[in-house]
Amino acid sequence: MLDNSSKWQPEPDWASARLAGRTIALRAVTGLPQRLVSGDLDRFLAEHGLGKDVGALGLATGARYAVRLARDRLLAVGIPVDDGWHEAGYAVTGVGSALRVLEARGDGIRDLLARATTIDVDNPGPCAALSFCGVTAVVYFHEDTQTLRIHADRGLAAYLWEWFECQPLLSAR
């Protein structure tokens, strides 16, 4: 019987996965609580002490923040909240096991963005969900503009990792 899985590389060990080049280092971030929030986002943000959410290539800081995915949807990171409908007018769904988080850091971030997406880095827009390396991912800066976080569907994370392995920015040369 034909074994189609033999043509794919095995998934990395995400707990220790690392790549490093001259201008960028890449690692997987594990154990990050992630929840999808839909509905009255202003009330959600207010209830959890968050001033605002960040959009594409926005700057998120701290261990608790929210990233805008659509007009009425955001990704809440590091925020302990129960799943389900909340009387304040929003619904919450845990998605931590559905999304892998990759973090790229270094001086070559702008070059990486130029290779991975067609977004205007200087005018990115309000929605952090965008086409990144041919897949829809949530992309923003974390703590500083040298650190890029990418949340991608778990099933596509190995593809993204392989794409990163092939990039000259991540080669040791």
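Residues numbered from 1 in each chain as written. Predicted model: local features only at pLDDT ≥ 70, side-chain atom pairs only at ≥ 80, totals over all residues. Heavy atoms only, no water.

1. Description of the pattern of salt bridges
Using the criterion set out here, one finds 7 salt bridges in the structure. A salt bridge links Arg-35 to Asp-83; its shortest N-O distance comes to 3.6 Å. Of this pair, Arg-35 sits in strand β3 (residues 34–39) while Asp-83 sits in the loop between β6 (73–77) and β7 (84–86), and the two are 48 residues apart along the sequence. In this structure, Arg-110 engages Asp-122 in a salt bridge whose closest nitrogen and oxygen atoms are separated by 3.3 Å. Of this pair, Arg-110 sits in helix α2 (residues 109–116) while Asp-122 is found in the loop between α2 and β10 (129–132), placing the two residues 12 residues apart along the sequence. Relative accessible area serves as the criterion here: at 61%, Asp-122 is assigned to the exposed category. (Salt bridge = Lys/Arg side-chain N within 4 Å of Asp/Glu carboxyl O. Helix = DSSP H or I, 4+ residues; strand = E, 2+ residues; numbered from the N terminus. Buried < 20%, exposed > 50% of the residue type's maximum accessible area, 1.4 Å probe, protein only.)

2. Comments concerning the nonpolar core
In terms of nonpolar packing, the biggest core is built from 33 residues, with Leu-113, Phe-132, Val-139, Leu-148, Leu-160 and Phe-164 touching the most fellow members. At the level of secondary structure, the elements contributing two or more residues to this core comprise β2 (25–29), β9 (99–105), α2, β10, β11 (135–142), β12 (144–153) and α3 (154–165). In terms of residues, this core owes the most to one element, α3, which gives 5 residues. Here Phe-132 is in contact with Leu-113, Ala-116, Ala-137, Val-139, Leu-148, Ile-150, Leu-160 and Phe-164, once residues within four sequence places are set aside. (Core = buried A, V, L, I, M, F, W, Y, C linked by side-chain atoms within 4.5 Å. Contact = heavy atoms within 4.5 Å.)

3. Examining the environment of Thr-136
Looking at the secondary structure, you find Thr-136 in strand β11. Measuring from C-alpha to C-alpha, the distance between Thr-136 and Leu-99 comes to 11 Å, with 37 residues separating the pair along the chain. In this view, Thr-136 contacts Ala-129 and Leu-130; residues no more than four positions away in its chain are not counted.

4. Considerations on the sheet that holds β6
Reading across the sheet, the 5 strands line up as β5-β6-β3-β8-β7 and stay open at both edges, with antiparallel pairing between neighbours. Strands at the two margins of the open sheet, each flanked by one partner only, are β5 (65–70) and β7. The sheet shows a mean angle of 25 degrees between the axes of neighbouring strands, taken without regard to direction. As judged from the 5 bridges shared by β3 and strand β8 (residues 90–94), these two strands associate in the antiparallel manner. (Pairing = 2+ DSSP bridges. Axes fitted to C-alpha atoms, helices over the stretch in contact; angles between N-to-C directions.)

5. Some words on the pairing of β2
Bridging between strand β1 (residues 18–20) and β2 involves 3 bridges; their strand directions are antiparallel. Paired with Arg-18 across the two strands is Arg-27, which belongs to β2. Two successive antiparallel strands, β1 and β2, enclose a turn made up of 4 residues. In this sheet, β9 lies alongside β2 in antiparallel orientation, the contact comprising 5 bridges. Looking at β9, one finds that Leu-26 is bridged to Ala-104.

Such coordinate-based values are descriptive only and should not be taken to indicate function.
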